Amino acid sequence: MGKARSVKKVKRRSEVQAKQARTLAAARWGKENIFQTSSDPTSSPPAMRSTRSRASELRATLDTAQCRLVLNEKQLAMQAAQIRSQTAEIQQKDTELTKLGSALTAQSSELLGAAETVETLQEELEGVQGSLVDATKTSKKIYALLRNERHKSKRVHANAATSRACLDDIMSEVIPTIRRDAARKMQHQSATSGRELALLQKQATEATSKTISIAEQLTESQKKVKALQMKLLRAARSLAQAAEKGRVIANNKGPVAHLFYRKGVFTSRSRAFARTLVQAGCSQESVGTIMQKACVLLGFQEPRRMARRTVQRSVLEGGVAANIQLAHEISRSNSTLNGKKSCMTAN
């Protein structure tokens, strides 16, 4: 603030000096105009001469004042540059101070954090000290237990030494006698077991022979039973067929259906009868009526009439079957001929 005031004062002084220089220049300019009106200096009166001397003095003072103004302006410029440099330095110092303040705040926050960490570490140390106290107590207990275990192990070693001595005595005296007795018993048991094994083997061979004979008898009996079952089944079937035939003959219904058609389809016998009628010279249209009348003449119920188209199909089927039979017989005859030729070549 003091530097700013000094700068303002210097500016005011320079302004005042500039005004004075301006007034002096204006006065000088007016006097020169006055002096120029009189062309001849010798003809001027003494008052004019005094004014001229004063004007020269004023000019000299103006020149000196101008020189002083120039020097003052230079000094003011130098002072202004110094003031500017000082203000820049002050601003730099202010920025540095702000930076230092921010750094101090950061350091203070870090110090606060460090203090908090120190407090936490102190708490942890207190906990660790408590755990160390507990650990020392437990270590003392463990040491006492280890000491007891050592005493126990010493006792166990002593007992083991005594037991080893006893075992050595037993191994040297008792075990050999036990082994001898065991060997004798094993020999006796092996002899008795060999006898028992021989007896068991004989019994096993006898049992196997018996089982084989029993199995053979069983298979024979099964065959006989199966043959009897088949005979019985055939007898039952023949009896059922005979009963069915008797029932059909009694009713005069069944044989016609059984001979002519089954499940709505004409049987092979009825078709063969139709083919014989066609070969005898009957027309295909009248074959069905002839078959019906023949059944009525024989005393049976009148069957369903065979249509002309079915008669035609039966005739065609008979021709195809005859061709197949002929081809089969030809193939059989060719095979027999080939067999005879092969036998002849072999002979």
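Residues numbered from 1 in each chain as written. Predicted model: local features only at pLDDT ≥ 70, side-chain atom pairs only at ≥ 80, totals over all residues. Heavy atoms only, no water.

- Looking at an unreviewed UniProt entry, one finds the protein chain named Unplaced genomic scaffold PAXINscaffold_2394, whole genome shotgun sequence, with Paxillus involutus ATCC 200175 as its source organism.

1. A short note on the overall build of the protein chain
1) Next: Of regular secondary structure, the protein chain possesses six helices and two strands.
2) Next: Tracing the protein chain from N to C terminus, the helices and strands come up as α-α-α-β-β-α-α-α.
3) Next: A burial count over the protein chain gives 8% of its 347 residues as buried.
4) Next: Pairs at least 24 residues apart make up 54% of the contacts formed inside the protein chain by residues separated by at least 6 positions.
5) Next: Carbon and sulfur atoms make up 60% of the accessible area of the protein chain, which amounts to about 28500 Å² in all. (Helix = DSSP H or I, 4+ residues; strand = E, 2+ residues; numbered from the N terminus. Buried < 20%, exposed > 50% of the residue type's maximum accessible area, 1.4 Å probe, protein only. Contact = heavy atoms within 4.5 Å. Areas by Shrake-Rupley, 256 points an atom, 1.4 Å probe, with all protein chains shown as cover.)

2. Examining the pattern of salt bridges
1) Next: Inspection of every chain in the model, using the stated rule, returns three salt bridges.
2) Next: In this structure, Glu-285 and Arg-305 form a salt bridge, with 3.7 Å as the shortest nitrogen-oxygen distance. Note that Glu-285 is positioned in the loop between helix 4 (268-280) and helix 5 (287-298) and Arg-305 in the loop between helix 5 and helix 6 (308-346), a separation of 20 residues in sequence.
3) Next: In this structure, Arg-308 and Glu-285 form a salt bridge, with 3.4 Å as the shortest nitrogen-oxygen distance. Here Arg-308, found in helix 6, pairs with Glu-285, found in the loop between helix 4 and helix 5; they are 23 residues apart in sequence, far enough to count as distant.
4) Next: Taking relative accessible area as the criterion, Arg-308 reaches 39% and is therefore assigned partly exposed. (Salt bridge = Lys/Arg side-chain N within 4 Å of Asp/Glu carboxyl O.)

3. Quick notes on the side chain of Gln-292
1) Next: With respect to the helices, strands and loops of the structure, Gln-292 is situated in helix 5.
2) Next: In this structure Gln-292 comes out as buried when scored by relative accessible area, which is 12%.
3) Next: With residues near it in sequence (within four places) discarded, Gln-292 still touches Glu-302, Pro-303, Arg-304 and Arg-305.

4. Describing the nonpolar core
1) Next: Core analysis: the biggest nonpolar cluster contains nine residues, these being Phe-260, Phe-266, Ala-274, Leu-277, Val-287, Met-291, Cys-295, Met-306 and Val-311.
2) Next: Elements supplying a minimum of two residues to this core: helix 4 and helix 5.
3) Next: In terms of residue count, the dominant contributor to this core is helix 5 (three residues).
4) Next: The contact partners of Phe-266, leaving out residues within four places of it in the chain, are Phe-260, Tyr-261, Arg-271, Arg-304, Arg-305 and Met-306. (Core = buried A, V, L, I, M, F, W, Y, C linked by side-chain atoms within 4.5 Å.)

5. Notes on a nonpolar patch on the surface
1) Next: A cluster of nonpolar side chains, contributed by Leu-97, Leu-100 and Leu-104, occupies part of the molecular surface with about 320 Å² of accessible area.
2) Next: In this structure, Leu-97 sits in helix 2 (residues 46-251). (Patch = residues over 30% accessible without salt bridge, like charges linked within 9 Å, V, L, I, M, F, W, Y side chains within 5 Å.)

6. Brief notes about helix 5
1) Next: Its twelve residues place the ends of helix 5 17 Å apart at the C-alpha level, agreeing with the 16 Å of an ideal helix rising 1.5 Å per residue.
2) Next: For helix 5, the complete set of buried residues consists of Val-287, Gly-288, Met-291, Gln-292 and Cys-295. Down the axis of helix 5, the sector holding all buried residues measures 140 degrees, keeping them to one side. In helix 5, the exposed positions that point more than 90 degrees away from the buried face belong to Lys-293 and Leu-297.
3) Next: Among the residues trailing helix 5, Gly-299 stands out with phi positive, at a value near 95 degrees. (Expected span 1.5 Å × (residues − 1). Arc of directions from axis to C-beta.)

7. Things to note about the packing of helix 4 against helix 5
1) Next: In contact at an axis separation of 10 Å, helix 4 and helix 5 are set at 115 degrees when each is read in the N-to-C sense. Considered as vectors, helix 4 and helix 5 are oriented roughly perpendicular to each other. Both helix 4 and helix 5 take part in a crossing whose hand is right-handed. Across the interface between the two elements, Ser-270, Phe-273, Ala-274, Leu-277 and Val-278 of helix 4 pack against Val-287, Ile-290 and Met-291 of helix 5.
2) Next: A breakdown of the residues in the contact of helix 4 with helix 5 according to their chemical character gives seven nonpolar, one polar and no charged. (Axes fitted to C-alpha atoms, helices over the stretch in contact; angles between N-to-C directions. Parallel < 35°, antiparallel > 145°, perpendicular 65-115°, else oblique. Left-handed = near helix turned anticlockwise from the far one by under 90°. Nonpolar A, V, L, I, M, F, W, Y, C, P; charged D, E, K, R; others polar.)

8. Topic: the confidence of the model for the protein chain
1) Next: Within the protein chain, residue pLDDT values average 77, and 81% of them lie at 70 or more.
2) Next: Across the protein chain, element-level confidence peaks in helix 4 with a mean pLDDT of 87 and bottoms out in helix 3 (residues 254-260) with 58.
3) Next: Throughout residues 34-44 the model reports pLDDT below 50, and contacts reaching past four residues in sequence, or to other chains, amount to eleven contacts. (pLDDT = per-residue confidence, 0-100.)

9. A look at helix 4
1) Next: Over its 13 residues, helix 4 extends 18 Å from the first C-alpha to the last, a length consistent with the 18 Å expected when each residue adds 1.5 Å.
2) Next: All of the buried residues in helix 4 are Ser-270, Ala-274 and Leu-277. Within helix 4, the buried residues cover an arc of 60 degrees as seen down the axis, which keeps them to one side. Turned more than 90 degrees away from the buried face of helix 4, the exposed residues are Ser-268, Arg-269 and Gln-279.

10. Observations regarding a negative patch on the surface
1) Next: Together, Glu-116, Glu-119, Glu-123, Glu-124 and Glu-126 line one region of the surface with negative charge.
2) Next: Following the sequence through the fold, Glu-124 ends up in helix 2. (Lys, Arg positive; Asp, Glu negative; His and termini not counted. Charge placed at Lys NZ, Arg CZ, Asp CG, Glu CD.)

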